[in-house]
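# What the coordinates show
Listed below are the residues making up each chain.
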Amino acid sequence: MRWYVGFYALMLLGCVCLTKLQAMVLSQDEYLYRVWSVESGLPQISVTAIAQDAQGFLWLGTQNGLARFDGVHFDVFNTANTPAFSSNLITALHIDQQQRLWIGTVNGLMRYQQGQFTRLDQQQPLQGNITSFAELSDGTMYVGGAQLYQWREPQAELTPVAAHNGAVFQLFQQQDTLWVGALNGFGILTADGYQWYNAPQNLAGLQISELARQDSDLYLGSNLGLFRWQRGQWQAMTLPGQPDETRIELLYLDPQQKLWVASYDKLYSLQQGQLLLADSVQGPVERFSWIESMLQDRHGNIWLGSHSHGLKRLRRPPTQRFSKEQGIADPYVWAVQPWQQHLLAGTSGGLSLLQHGRFQPLMANQYLPSVFVYSMLLDSEQRLWVGTRAGLSRLDGKNLAWQRNYANISHLLVTTLAQEGERIWVGTNGGLFYLQDDELQQQQVPQVLQQAKIRIVLPDSQQRLWVGTENGLFLRDKESFARLDNMPLSGSFISTVKQFADGNILVGSFDQGFVLGQPGNWRWFTQLQGLPGNGVMHAELVENQLLISNFQGFYRVNYPALTQGRVEQLYMLVDDRRPDAETDSHRCCNGAGSSKGALHQGRVWYPTLNGVLSLPLQQLIQHAPVPEPVIRSLTAGSERYRSNNVRLAPEQSDWHFRFTAPYFVYPSSVQFRYQLHGYDSNWIDAGTRREAFYTNLPPGHYTFSVQVRLAADYRWSDTISMNVELRPYWYETTWARALFLLLFLLAFWGLYRWRLLAMANAQQQLAELVAARTSELHAANEKLQQMSMHDALTGLHNRHYLDTNIQQILARADRHGEPLIWALLDLDHFKRINDSFGHQTGDAILTTVAELLRLNSRSSDHLIRWGGEEFLLLLEHSDDALQVLQRIHHAIGSYNWQQNMALQQPLTCSIGAIAQLPDGSWQQSLRLADQALYWVKEHGRNGYMLLHPASGGALSAENTDISVLLAQGKLHASSNKDFTAAEA
């Protein structure tokens, strides 16, 4: 115990010293990563060489052919589909100054140019594998293999360089100097000649397989270790943590002149002459060893090719995470609170102070009623209030010493804390409290809030108090609390409330978006207005940028546009919606209530389930690179075209365009739009689809254009285009059409003169006859059409009506941007009524139900008798679909059936409904609605269930088990029944 007291005293002394103005020191070197292997489409796990062309494609050499990669698809070229390939074992790649790809294999040399592969050593096949390429500034190309070769372009042949004898293991070029790695030494080739440098005699059998020159020093990687050649001297370099003579697998000098060194199982960087282990690029747990190729692409991503683990991409994120590596005891963080120049983090394991980039637990944790810290508040009197899972604690805000616990709420989770004058408001999952005379009180709290689940409390600048609960929003104005029911989020789970300098109030919900404005003048924003998600955990306004965090990450959006009711310039800073976000994102964010974000020390901070996440505010003006589109080809008939200007024969009127955008961070989120100028009047939204089809095009001049953007970015790329001319048939030419027109006019003139008198005499009689018959036929058709589409008993539409009109209804819903609601309604125990009272009473009940449906539906709704006692309701406007279903359910259940139909008990109904699946057929939606109806009937009837597909959750056509889909999160439900078991 004395040890604890002594440590605590030292800590308090340290905290007091920290009160001096001392900037928070943050230092972190971390990469996010993603790995691709054979299951992603890579032809083989060994990536022996990497190159990037001007269009952004990555070219990957493997032991099973060559792959071109755009981030999503691998196009594979090997002996099975490319005749020029002599071997699938690729050993070296190089993009030259003319953007030609040089390909070395274990048995030959190839080049890729303008979509064609050519074997360059066809006349005199090379013996042995190609090891490397080097290109001087004047374009002279050297090839390393069984010996050193020079490529002579005019003669299209490889010529041995006589000055060098023996095999070449590696080439390295800077400006006009070429270094040649070989057996027992290396050579230097310049314009002045060739010079050979022997290895020391004690290094017999030395194979120099890697070369790189940094500053004035030459580094040589070999089978016997790493060496530095400096001022004519060989110096052996020891890799940290490795034995002497460790084989070097790779040397790579990146564009920033940083040298990377790879052994079999470790990667190092050489900085200021010192070798440092690059632990941050290895990734957690998963080993990525035997690196034998490396590249930094045009966007700064680092690519590593492994001999045994495929391809790995590293990138530096705009955010920084501080978690276990920085000393936090429990990575589950629920609250953040600035403290002096540092940051307090409330975790599942207590309070921890982040200072100088490291976490330190507080001694006060041992006195907290629970180490699960969910909320914090540093008030104006420098008291630190700490809300835990087991009540409230007070600490000294100057030295973080524990002072008191409040036992009367020790059974409650404290979700939010707020200061209003001298009063501290305490929100819990079991009611609202306030501190008066240092004791928790509820006397001035209305009864409804004494037991409510409170999530957020905010005193605003107008002496109003906002209280957000899990079931709606309350406002105290002039000492009187009132529930705000005349707003879009009434009854919703309120997760945050924020007031900005202009007086506007932002009210965020857990899953219904957010509103901005004042009571009586709210603007409501959801995913329908373009938000990436409907949840709001925390909001901050930085100049004209509004930062919003939720479970999908956090994003910025233009605040002045929001005040005008528009969502503009929305940009995801951390996007956790993608399937690869586990390793390729700094997953955000966590909790609902206060302390779920903070602006501090030029950064915005968020609690997450893996430590604390921070974003420097200067990143608010930064953007990731925009992907650059590429039109890969146009297929017309059996021909494929890749040039920018294409001229087609008349019979080639069916076109298939393929396009892509090489991008390697969240590549699945790349979205496309295209337009065929001369045919399309507007851009066509292709989503993630990378192809377009046109059929039976008329002759003419066309321009096919493509733009691309990321799903989390509002910016479209520059346009890339292909010009296409479709030549006409001879009879479609101008002179042929003019001749046809002249002949037609002459023939018409003759017929006109011959028929003029006869037509004049018969015209009147014919007109009268046609008018009479047309009127009769129209009336008959109208009557037949109405009869064929209506149910004879109820007067509602029948199935034929749906078959006839479904495509128009779907098209109209697509134009309005609202999903259809498919609802199946079934009368409970109707067969029992028919058996007891007879079919005449049953028919009367069906007629009455039909009338109730008409009275409680909207003019845009489609009412269909689906069969027997089952009705189909098709709702075109889905914004109040739940209210419509509730109204219909109530109308049927509340009708006086006993008196009007002499029934012994009220008649009830069951309703199953679903919003139209974005990627599914209407038949699949109808099947899921039927499943929802079946679920309601299985769970006691007399109820309803409305399903909504989850964002980004694709449903297979075969899976209609809603219990599974609810559990997987692919469906959300609204029901008067308890469906939580279906989600379990």
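Coordinates for the structure precede this section.
First, a word on scope: everything that follows refers to the structure included in this document. Keep in mind that what you see is a predicted model, and the values were worked out from it rather than measured. (Residues numbered from 1 in each chain as written. Predicted model: local features only at pLDDT ≥ 70, side-chain atom pairs only at ≥ 80, totals over all residues. Heavy atoms only, no water.)

### A few points about the overall build of the chain
What counts, and what does not: The numbering of helices and of strands both runs from the N terminus, where a helix is a DSSP run of H or I of at least 4 residues and a strand a run of E of at least 2. Exposure categories follow from relative accessible area, calculated using a 1.4 Å probe and restricted to protein chains: below 20% of the type maximum is buried, above 50% is exposed, and the middle band is partly exposed. Whether two residues are in contact is decided by their heavy atoms, any of which lying within 4.5 Å being enough. Methods summary: accessible areas were calculated by the Shrake-Rupley approach with a probe of 1.4 Å, and residue burial reflects only the protein chains presented. Neither His nor the chain termini are counted; the positive set is Lys and Arg, and the negative set is Asp and Glu. A charged residue contributes its charge at one atom only: NZ of Lys, CZ of Arg, CG of Asp or CD of Glu.
When helices and strands are tallied, the chain shows 13 helices and 71 strands. Expressed along its principal axes, the backbone C-alpha trace of the chain runs to roughly 115 × 115 × 55 Å. The buried share of the chain, taken over its 984 residues, is 52%. Restricting to contacts in the chain with at least 6 residues of sequence separation, those with at least 24 account for 53%. For the chain, the exposed surface amounts to about 45600 Å²; the carbon and sulfur share of it is 49%. Counting 74 positive and 87 negative side-chain charges, the chain places the centres of these two groups 1 Å from one another.

### Re the pairing of strand β35 (residues 383–388)
This is how it is decided: In this scheme, strands are said to pair when DSSP sees at least two bridges between them.
Most of β35 is tucked away: 5 of the 6 residues are buried. Of the pairings in the sheet, the one linking strand β34 (residues 373–378) to β35 comprises 5 bridges and is antiparallel in character. Among the inter-strand pairings, Val373 is bridged to a residue of β35, identified as Thr388. In this antiparallel pair of consecutive strands, β34 and β35, the connection spans 4 residues, and Gln382 shows a positive phi of 60°.

### Description of the sheet that holds strand β24 (residues 267–271)
The test is simple: Helix axes are fitted only over the stretch in contact, all axes being lines through C-alpha atoms; the angle between N-to-C directions runs from 0 to 180 degrees.
The strand order β22-β23-β24-β25 describes an open sheet built from 4 strands, whose pairing is antiparallel. Taken across any chain shown, the strands that pair with only one partner, and hence form the sheet edges, are β22 (250–253) and β25 (274–277). Pairs of neighbouring strands in the sheet enclose a mean axial angle of 25°, with direction left out of account. Where β24 lies against β25, 4 bridges are found, and the strand directions are antiparallel. In the sheet register, Tyr268 faces β25, and the bridge partner there is Leu277.

### Structural notes on the environment of Gln403
Relative to the helices and strands, Gln403 is located in strand β37 (residues 402–406). A sequence separation of 90 residues divides Gln403 from Arg313, and the C-alpha atoms of the two residues are 50 Å apart.

### Describing the pattern of salt bridges
Opposite charge on two side chains permits them to pair, given that their charged atoms come into close proximity. Threshold: The rule for a salt bridge is simple: a side-chain nitrogen of Lys or Arg has to be within 4 Å of a carboxyl oxygen of Asp or Glu.
Throughout the structure, instances matching the rule amount to 34 salt bridges. A salt bridge links Asp121 to Arg119; its shortest N-O distance comes to 2.3 Å. Look at Arg119 and you get buried, because its relative accessible area is 17%. Close ionic contact of Glu568 with Arg566 constitutes a salt bridge, the shortest N to O distance being 2.7 Å. The class for Glu568 is partly exposed, based on a relative accessible area of 30%. Put simply, Asp96, Arg100, Arg111 and Glu153 are held in one network by salt bridges that share partners.

### Quick notes on the state of the cysteines
Here is the rule: A pair of cysteine sulfur atoms is labelled a disulfide when the two atoms are within 2.5 Å.
Tallying each qualifying case throughout the model produces 1 disulfide. In this model, Cys588 is linked to Cys589 through a disulfide, with the two sulfur atoms separated by 1.3 Å. Summarising the burial analysis for this pair, Cys588 and Cys589 share the class buried.

### Description of the sheet that holds strand β49 (residues 521–525)
Overall, antiparallel pairing links the 4 strands, which are arranged β46-β47-β48-β49 in an open sheet. The open sheet has two edge strands, β46 (494–499) and β49, and neither has a second partner. The average angle at which neighbouring strand axes cross in this sheet is 20°, direction not considered. Relative to β49, strand β48 (residues 514–518) is paired through 5 bridges, and the arrangement is antiparallel. Bridging from a neighbouring strand, Phe514 pairs with Phe525 of β49.

### What about the packing of aromatic side chains?
Note the threshold: In this analysis, rings of Phe, Tyr and Trp, with Trp reduced to its six-membered ring, are considered paired at centre separations within 6.5 Å, and the interplanar angle assigns stacked below 30 degrees, edge-to-face beyond 60, and tilted for intermediate values. Definition used: whenever NZ (Lys) or CZ (Arg) falls within 6 Å of the ring centre and also within 35 degrees of the ring normal, the charge is taken to sit over that ring.
Summed over the entire model, instances satisfying the criterion amount to 52 aromatic pairs. Taken together, Trp655, Phe657, Phe659, Phe672, Tyr674, Tyr679, Tyr694, Tyr702 and Phe704 form an aromatic cluster joined through their ring pairs. Here Arg389 stacks its cationic end above the ring of Phe372, 3.8 Å away from the centre of that ring. Above the face of the Tyr374 ring, Lys596 is positioned so that its terminal group lies 3.5 Å from the ring centre.

### What about helix α7 (residues 830–837)?
Note the cut-off: Read the arc as the range of directions from the helix axis to the C-beta atoms.
Along α7, the residues classified as buried are Phe830, Ile833 and Asn834. Along the axis of α7, the buried positions cluster into a sector of 100°, meaning they face one direction only. Set apart from the buried face of α7 by more than 90 degrees, the exposed residues are Lys831, Asp835 and Ser836. In this structure, the buried side of α7 is in contact with β66 (821–827) and α8 (839–855). One or two steps after α7, the chain reaches Gly838, where phi turns positive at roughly 95°.

### Re a nonpolar patch on the surface
Here is the rule we go by: Residues forming no salt bridge and having over 30% relative accessible area are the ones grouped into patches, like charges within 9 Å of each other and nonpolar side chains (Val, Leu, Ile, Met, Phe, Trp, Tyr) within 5 Å.
Together, Tyr729, Trp730, Tyr731, Trp735, Leu739, Phe740, Leu742, Leu743 and Leu746 make up an exposed nonpolar region whose accessible area comes to about 1000 Å². With respect to the helices, strands and loops of the structure, Trp735 is situated in helix α5 (residues 734–788). Here Trp735 falls in the exposed class, since its relative accessible area comes to 55%.

### Brief notes about helix α11 (residues 922–938)
Put simply, the test is: Take the number of residues in a helix, subtract one, and multiply by 1.5 Å to get its expected span.
In this model α11 runs 24 Å from its N-terminal to its C-terminal C-alpha over 17 residues, within 8% of the 24 Å that 1.5 Å per residue would give. For α11, the complete set of buried residues consists of Trp922, Gln924, Ser925, Leu926, Leu928, Ala929, Ala932, Leu933, Trp935 and Val936. Just beyond α11, the residue with positive phi is Gly940, at close to 100°.

### Thoughts on the side chain of Gln296
Heads up, the rule is: Two N or O atoms form a polar contact when they lie within 3.5 Å of each other; inside protein one atom must be a possible hydrogen donor and the other a possible acceptor, and for residues adjacent in sequence the pair counts only when both atoms belong to side chains.
As for its position among the elements, Gln296 is in strand β26 (residues 291–296). Residue classification places Gln296 among the buried positions, given a relative accessible area of 14%. A polar atom in the side chain of Gln296 sits 3.1 Å from the side chain of Gln256. Not counting residues within four places of it along the chain, the set of residues in contact with Gln296 comprises Tyr252, Asp254, Pro255, Gln256, Asn301 and Ile302.

### Remarks on the packing of α7 against α8
The following threshold applies: For classification purposes, angles smaller than 35 degrees are called roughly parallel, those larger than 145 roughly antiparallel, those between 65 and 115 roughly perpendicular, and all remaining angles oblique. Polar here means any residue outside two lists: the nonpolar Ala, Val, Leu, Ile, Met, Phe, Trp, Tyr, Cys and Pro, and the charged Asp, Glu, Lys and Arg; Gly therefore counts as polar.
Across the interface, α7 lies against α8 with an axial gap of 7 Å and an inter-helix angle of 135°. One element, α7, and the other, α8, form an angle in the oblique class. Residues Phe830, Ile833, Asn834 and Phe837 of α7 form the contact with α8, whose own contacting residues are His839, Thr841, Gly842, Ile845 and Leu846. Each residue belonging to the contact of α7 with α8 can be placed in one class, and the counts come to 5 nonpolar, 4 polar and no charged.

### Digging into the side chain of Ser614
Tracing the backbone through its elements, the reader meets Ser614 in strand β56 (residues 611–616). Within the structure, Ser614 has its side chain in polar contact with the side chain of Arg603 (distance 2.8 Å). Contacts of Ser614, omitting those with residues within four sequence positions, involve Thr319, Gln320, Phe322, Arg603, Val604 and Trp605.

### Considering unusual backbone geometry
Excluding glycine, most residues fall at negative phi; most peptide bonds, likewise, are trans. A cis amide bond, omega -5°, links Cys588 with the succeeding residue Cys589. Within the element layout of this structure, Cys589 appears in the loop between α4 (581–584) and β54 (598–600). Here the phi dihedral of Gln382 falls at roughly 60°; this positive angle occurs in a residue that is not glycine. One can find Gln382 in the loop between β34 and β35. Of the residues examined, Gln382 reaches a relative accessible area of 34% and is grouped as partly exposed.

### A word on the environment of Tyr679
Within the fold, Tyr679 resides in the loop between β61 (670–677) and β62 (684–687). Judged by its relative accessible area of 47%, Tyr679 is partly exposed. For the pair Tyr679 and Asn942, spaced 263 residues apart in sequence, the C-alpha to C-alpha distance is 54 Å. Those residues in contact with Tyr679, other than ones at most four positions away along the chain, are Tyr694, Leu697 and Tyr702.

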